Amino acid sequence: MIGILCAMREELEPILEYVEVKEVIDYGRNKYYLARFQNKDLVLAYSKIGKVNSATTATIMIEKFNARKVLFSGVAGAVDEDLKIGDLIIATKTCQHDIDLTVFGYEPGFVPESKVYFDCDKGLNDIAKSVAKKLDIKLKEGIIASGDQFIHNKEKKEWIKKTFNASAIEMEGGAVGNVCWTLDVPFFMLRAISDTAEEGAGVDFDKFLEESSKVSAKFLVEMLKEINEK
Ligand code: OS5
């Protein structure tokens with residue numbers, strides 16, 4: 001079973017158009033779509049926005065629906081200068097920029113007995129890179145930082161860039177990475193840029209959410225064709 005997770009309805013809907021939905025299960029104030037795509041069993045859901053919602057949904061996908069890998073698709077704010085609206089990025093690893101125990105001498109993003117960065121699955125990232133090459137699509141790889149804040153401020157964005165060496169910002173990846181590390185499940189994070197995470201980001205986000213969600217969804221579906229799992 002492959003878990004496909006998004007945060008927002010707008011991110012999930014374009015993926016649902018490509019798959020054959022067999023059943024919709026209401027659980028934990030959410031809908032889980034059981035679907036088939038080219039002989040593969042999928043469980044799909046949008047979690048609602050943020051770290052707690054996405055961690056909860058990822059856990060349910062794994063523990064209740066037996067997802068053996070979790071693939072996230074959605075949009076993100078650009079941090080790296082060469083990322084433009086509509087560009088795709090996959091995470092090498094994810095982190096949580098809003099964790100702050102620095103007063104106790106820990107580095108930003110660290111909580112005791114855990115770690116700052118959660119690795120994404122190398123095999124899935126290799127599939128993404130080969131799909132991008134085959135289709136001649138620009139695909140960046142880098143660190144993606146998450147926090148329960150919509151970033152729309154250049155100064156804050158630069159702090160996240162400098163502190164975590166991040167290439168993009170969103171609100172879920174660090175939490176889903178943490179869950180997948182805890183439960184030992186391979187994790188893949190794909191995002192298409194919707195805004196610059198600077199002043200005016202809210203306006204760009206509203207304008208490009210639908211378009212960039214479709215870019216990410218289309219690429220994820222191309223990748224699904226290359227994943228060998230029933
Ligand atoms: O899931 C949230 C994180 N996503 C990635 C992202 C991002 N994260 C942080 N900073 C940035 N600059 C980012 N750019 C892209 C996107 C999403 C952001 S939060 C957007 C909330 C927009 C919204 N709020 N209400 N509605 C839309 C309408 C609505 C009403 C009822 C039910 C559902 C939606």
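What counts and how
- Each residue is numbered by its place in its chain's sequence as written, counting from 1.
- Totals for whole chains, interfaces and linings use every residue, but because this is a predicted model, local features are given only for residues with pLDDT of at least 70 and side-chain atom pairs only at 80 or more, for both listing and counting.
- Excluding hydrogens and water, the side-chain figures rest on all heavy atoms present in the structure.
- Throughout, exposure labels follow a simple rule: accessible area from a 1.4 Å probe, protein chains only, divided by the maximum for the residue type, with under 20% read as buried, over 50% as exposed, and the rest as partly exposed.
- Numbering of helices and strands starts at the N terminus; helices are DSSP runs of H or I of at least 4 residues and strands are runs of E of at least 2.
- Strand pairing is assigned whenever DSSP identifies at least 2 bridges connecting the two strands.
- We define proximity as follows: a residue is near a molecule or strand when any one of its heavy atoms falls within 4 Å of that partner.
- Contacts described as polar in this section are N or O atom pairs within 3.5 Å, which, within protein, must combine one atom able to donate a hydrogen with one able to accept it, while residues neighboring in sequence count only if both atoms come from side chains.
- Note on residue categories: nonpolar means Ala, Val, Leu, Ile, Met, Phe, Trp, Tyr, Cys or Pro, charged means Asp, Glu, Lys or Arg, and polar means any other residue, Gly included.

### Considerations on the pairing of strand β10 (residues 187-195)
Within a regular strand, the side chains alternate between the two sheet faces. Here β10 lies mainly inside the structure; 9 of its 9 residues are buried. Of the pairings in the sheet, the one linking strand β5 (residues 69-78) to β10 comprises 8 bridges and is parallel in character. Bridge pairing in β10 places Gly74 opposite Arg191. Bridging between strand β6 (residues 88-96) and β10 involves 3 bridges; their strand directions are antiparallel. In the sheet register, Leu88 faces β10, and the bridge partner there is Ala192.

### Some points on the site of the ligand
Looking at the ligand, there are 18 residues lining it, with Val75, Gly77, Ile151, Glu172 and Asp195 nearest. Contact distances for the ligand include 2.8 Å between a nitrogen atom and a backbone N or O atom of Ile151. Within the side chain of Glu172, an N or O atom sits 2.6 Å from an oxygen atom of the ligand. Broken down by class, the residue content of the shell around the ligand amounts to 11 nonpolar, 3 polar and 4 charged.

Without other data, these values stay purely geometric and don't point to any function.
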